[in-house]
Amino acid sequence: MTATTHDPTGAPVPFPARIEVDLAAIAANVGVLRERAGAAGVMAVVKADAYGHGLVPSAQAALAGGASWLGVAQLPEAIALRAAGVTAPVLAWLHAPGAGFEQAIRADIDLGLSAPWMLEEVAAAARRAGRTARVHLKVDTGLGRNGAYLFATGAAASDWSTLVERARQLEAEDAVRVAGLFSHLACADVPEHPTVRAQQEAFREAVSVAERAGLRPEVRHLSNSAATLTAPEAAWDLVRPGLAVYGLSPAPEVGSSADFGLVPAMTAIASASVIKRVRAGQGVSYGHTYTTARETTLVDVPVGYGDGVPRHASGVAEVLVAGERRPIAGRVCMDQFVVDVGDLPVAAGDDIILFGPGSRGEPTAQDWAEAVGTINYEIVTRFGPRIPREYVAARAGGQETR
Ligand SMILES: *Cc1c(COP(=O)(O)O)cnc(C)c1O
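All of these numbers come straight from a predicted model, not from anything done at the bench.

Quick notes on the rules
- Residues numbered from 1 in each chain as written.
- Predicted model: local features only at pLDDT ≥ 70, side-chain atom pairs only at ≥ 80, totals over all residues.
- Heavy atoms only, no water.
- Buried < 20%, exposed > 50% of the residue type's maximum accessible area, 1.4 Å probe, protein only.
- Helix = DSSP H or I, 4+ residues; strand = E, 2+ residues; numbered from the N terminus.
- Pairing = 2+ DSSP bridges.
- Near = heavy atom within 4 Å.
- Polar contact = N/O pair within 3.5 Å; in protein donor to acceptor, adjacent residues only side chain to side chain.
- Areas by Shrake-Rupley, 256 points an atom, 1.4 Å probe, with all protein chains shown as cover.
- Nonpolar A, V, L, I, M, F, W, Y, C, P; charged D, E, K, R; others polar.
- Salt bridge = Lys/Arg side-chain N within 4 Å of Asp/Glu carboxyl O.
- Contact = heavy atoms within 4.5 Å.
- Domains from an automatic or database assignment.
- Buried area = accessible area lost by both parts, 1.4 Å probe.
- Axes fitted to C-alpha atoms, helices over the stretch in contact; angles between N-to-C directions.
- Parallel < 35°, antiparallel > 145°, perpendicular 65-115°, else oblique.
- Left-handed = near helix turned anticlockwise from the far one by under 90°.

### Digging into the pairing of strand β18 (residues 337–342)
By the criterion of burial, β18 is predominantly enclosed, with six of the six residues buried. Residues of β18 alternate between two faces, with Phe337, Val339 and Val341 on one and Val338, Asp340 and Gly342 on the opposite face, all of them buried. Where strand β17 (residues 324–329) meets β18, two bridges bridge the pair, whose relative direction is antiparallel. The residue bridging Ala329 from the neighbouring strand is Val338, located in β18.

Quick look at the structure:
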């Protein structure tokens, strides 16, 4: 995944685009988050191929920057970290029946659990493995997504109380050890939203329900990127930032990357392919949604929605070409899009920068998100495995050291 393809002799097969990932930025961003987290540790969230940045190199950079834990959604992501030799504590929190719990237990992966069926499957897997499973119980304090519901509905005990009681019984049998308690915030990107405070209070209540039942977790964790940066009182023992690790602002209404001291780690670059001079009135790309206003130069850029360029970027997102920003002309296709560069001097093979940290005048992932009508999370994460990642160790004054 996200690697250069090699031919049978081992030679790399060039691809006409690259995702440069600045690993020094990832490490430095974790440093910023550590400072914000105070006494709490940092669990760097590296799910979804590290938000498109590449799972293993990004995880290693986050650990080098001072993260003490890694978090992923899916078990295969956690196992991939172990297979790559990563020994740091890893938590995986999204499961369906039949998940590879026994494989996870044997690989020393902590399991985030939200429902009684998960506890039963994990306990059974632990017995088969002859080991005790380390679990973190997840409480829904108001997100309304996964997590065991904290609040009573009708006369029965809450889902959270039921989960906690059963976990305590399974601890007594040495099938599980409740190493953590956690929850997730719904609106931390809007710091004054009333749910931010309400969920913190609910989490406090959930922790005391668990501790009264006899659970003694090592770590209690609630904060995502936005809360780590804007609600330090919510930090508990660990914070779980994802997006901010990659240098993007989780709360663009509150502050930009730079305002938070973060540096975007991803730069998406493609090589100009076919360049041609065309007449006024030339329709461009499928459907001819763009027509040239005068004689002009069109540049064909060999990446498209098959690579993660949103089709909604058609006509709206800009790229940096010959030092200038120009919008995508007409529709983004599966493998390519076109830019009308007027009279700018562009040659085949020139770098076309889709987005990056902005240090060379290129748009940012945030600019693309605003143009396309989505969030910066989706822009970076959707850049898929077809484009190879290149890992850049340091960037100074626009010069890269590979
Ligand atoms: C994705 C995720 C995070 C990280 O969220 P960011 O907004 O990217 O910081 C933290 N915790 C859980 C449970 C998540 O699913």
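The structure having been displayed, the exposition proceeds.
### Considerations on the site of the ligand
In the neighbourhood of the ligand, 14 residues make up the surrounding shell, with Lys47, Tyr51, Ser225, Gly242 and Tyr377 lying closest. In the environment of the ligand, an oxygen atom lies 2.7 Å from a nitrogen or oxygen atom belonging to the side chain of Lys47. Tyr51 places a polar side-chain atom, nitrogen or oxygen, 2.5 Å from an oxygen atom of the ligand. Surface burial for the ligand is 95%, taken as the share of its 390 Å² of free accessible area covered by protein chains. Its residues placed into classes, the shell around the ligand shows six nonpolar, four polar and four charged.

### Here's the deal with the pattern of salt bridges
Within this structure, the stated rule accounts for 24 salt bridges. Two residues, Glu20 and Arg18, come together in a salt bridge whose shortest N-O distance is 3.1 Å. Just as Glu20 is buried, Arg18 falls in that class too. Taken together, the salt bridges that share partners define one network made up of Asp110, Arg134, Arg168, Glu171, Arg177 and Glu218.

### Details of the side chain of Ser183
Mapping Ser183 onto the fold places it in the loop between β8 (176–182) and α8 (194–212). When its relative accessible area of 0% is taken as the criterion, Ser183 is described as buried. A polar atom in the side chain of Ser183 sits 2.7 Å from the side chain of Thr141. The contacts of Ser183, once residues within four sequence positions are left out, are Val139, Asp140, Thr141, Phe203, His221, Leu222 and Arg240.

### What to know about the domain arrangement of the protein
The domain boundaries assigned to the protein delineate domain 1 (23–246) and domain 2 (266–401). The interface of domain 1 with domain 2 comprises nine residues on the first partner and eleven residues on the second. Contact between domain 1 and domain 2 buries roughly 910 Å² in total, counting both sides, with carbon and sulfur atoms accounting for 63%. The interface formed by domain 1 and domain 2 contains zero salt bridges.

### A look at the packing of helix α1 (residues 23–37) against helix α3 (residues 55–64)
In the contact formed by α1 and α3, the axes pass within 7 Å of each other and the chain directions differ by 45°. Taken together, α1 and α3 sit at an angle that is classed as oblique. For the element pair α1 and α3, the recorded crossing hand is right-handed. Across the interface between the two elements, Leu23, Ile26, Ala27 and Val30 from α1 touch Pro57, Ser58, Ala61 and Ala62 from α3.

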